[in-house]
Amino acid sequence: EIGRKTWDEEAILQQVRDRAAQQKEARERQFQRAPTPPDAQEIEMRRQRLNLDQDLNKVTLVPAGASAVGKRGRGAGFYCEACDLTYKDSLQWVDHLNSKQHLRATGQTETQERATLEAVRVRLEWLRQKRDEANQGQMYDIKKRIGERQRIEEEERRIRREKRMQKKRERKAQARESIL
């Protein structure tokens, strides 16, 4: 068979299809995650504020190589026990708390519960009661507040007067010592 080579086009197309299918399977396996557990709860609103100042100005001992490890494990910064990750600043930390990875690790789904009309009414009534309770004990008496403010200002004036008198006494004492 000397001469021009002929190609089996059907065989080549089949090889291309097989290779594409294998690559697709590999990609799917790579990005496959564990299914959401059936008992996972829907995402909920935080009940309390994030306390980002909690460890401010505190000294914490960190393992020797922890700073070079990256995000994995306990290190200096904000640590997530559920995911075993450490973040260097509060923005990354808050982003992580809202991430799919963290929600999955804490047993929550990314879906939100749809609020019903009755749930909204109950929440509004609760907020109204809370506001009324807070305002109940704080009926403002303007004369009482003015009197309180005058008392505070008088106290501040008295303290300033005492400081001035103390400085005068110190100056007189220094003048006597310099004469003697």
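By convention here, each chain's residues receive numbers from 1 onward along its written sequence. Where totals are concerned, whole chains, interfaces and linings use all residues; where local detail is concerned, this predicted model gives features only for residues with pLDDT of at least 70, and gives and counts side-chain atom pairs only at 80 or more. No hydrogens and no water enter the side-chain calculation; it runs on all heavy atoms of the structure.

### Notes on the overall build of the chain
So, step 1. Scanning the chain for helices and strands turns up six helices and four strands.
So, step 2. Ordering the α and β elements of the chain from the N terminus gives α-β-α-β-β-α-α-β-α-α.
So, step 3. Using a 1.4 Å probe on the protein chains alone, a residue whose accessible area is under 20% of its type maximum counts as buried, one over 50% counts as exposed, and one in between counts as partly exposed. When burial is assessed residue by residue, the chain has 9% of its 180 residues classed as buried.
So, step 4. Within the chain, counting contacts between residues at least 6 apart in sequence, those at least 24 apart form 33% of the total.
So, step 5. The Shrake-Rupley method, run with a 1.4 Å probe sphere, supplies the accessible areas, and residue values consider only the shown protein chains as cover. Roughly 17,200 Å² of accessible area belongs to the chain as shown, and the carbon and sulfur atoms make up 51% of that amount. Elements are defined by DSSP. Helices are runs of H or I of four residues or more, strands are runs of E of two residues or more, and each kind is numbered from the N terminus. Residue contacts follow a heavy-atom distance rule, with two residues in contact if any of their heavy atoms lie within 4.5 Å.

### Things to note about the nonpolar core
So, step 1. With six residues, the main nonpolar core is built from Cys 80, Cys 83, Leu 85, Tyr 87, Trp 93 and Leu 97.
So, step 2. Breaking this core down by element, the ones donating at least two residues are strand E3 (85-87) and helix H3 (90-97).
So, step 3. Among residues more than four places away in sequence, those in contact with Leu 97 are Arg 46, Leu 50, His 102 and Leu 103. Grouping buried Ala, Val, Leu, Ile, Met, Phe, Trp, Tyr and Cys residues that are joined through side-chain atoms within 4.5 Å yields what is termed a nonpolar core.

### Notes on a positive patch on the surface
So, step 1. On the surface, Arg 160, Lys 163, Arg 164, Lys 167, Lys 168, Arg 171, Lys 172 and Arg 176 cluster together into a patch of positive charge.
So, step 2. Along the polypeptide, Lys 163 turns up in helix H6 (residues 142-179). For patch detection, residues must exceed 30% relative accessible area and be free of salt bridges, and they are connected within 9 Å for like charges or within 5 Å for nonpolar side chains (Val, Leu, Ile, Met, Phe, Trp, Tyr). Any Lys or Arg side-chain nitrogen located within 4 Å of an Asp or Glu carboxyl oxygen qualifies as a salt bridge. Just so you know, the count uses Lys and Arg for positive and Asp and Glu for negative, and it drops His and the chain ends. Charged groups are reduced to one reference atom each: NZ for lysine, CZ for arginine, CG for aspartic acid, CD for glutamic acid.

### Side note on the pattern of salt bridges
So, step 1. Under the defined criterion, the tally for this structure stands at eight salt bridges.
So, step 2. Of the charged contacts in the structure, one is a salt bridge between Glu 148 and Arg 151, with a shortest N-O distance of 2.7 Å. Residue Glu 148 and its partner Arg 151 are both found in helix H6; the two are separated by three residues, about one turn of the helix.
So, step 3. Residue class for Glu 148 comes out partly exposed when judged on its relative accessible area of 39%.
So, step 4. As a salt-bridge pair, Glu 154 and Arg 161 come within 3.9 Å of each other at their nearest N and O atoms.
So, step 5. A relative accessible area of 39% means that Arg 161 is categorised as partly exposed.
So, step 6. What emerges from the salt-bridge pattern is a single network uniting Glu 154, Arg 157 and Arg 161.

### Focus on the UniProt feature "domain: U1-type" (unreviewed entry) in the chain
So, step 1. If you check UniProt for "domain: U1-type" (unreviewed entry), the listed places come out as residues 75-109 in our numbering.
So, step 2. Helix makes up 40% of residues 75-109 and strand 23%, whereas the separation of the span's terminal C-alpha atoms amounts to 28 Å. UniProt positions are given in the numbering used here, feature names are shortened, and annotations may be inferred rather than shown by experiment.

### Observations concerning unusual backbone geometry
So, step 1. In this model, Asp 84 sits at a positive phi of 55°, which is unusual for a non-glycine residue.
So, step 2. If you trace the backbone, Asp 84 turns up in the loop between strand E2 (78-80) and E3.

### Concerning the confidence of the model for the chain
So, step 1. In the predicted model, the chain carries a mean pLDDT of 81, and the fraction of residues at 70 or more is 82%.
So, step 2. Per-element confidence in the chain ranges from a low mean pLDDT of 55 for helix H2 (residues 66-69) to a high of 92 for H6. Confidence of the predictor at the level of single residues is given by pLDDT, which spans 0 to 100.

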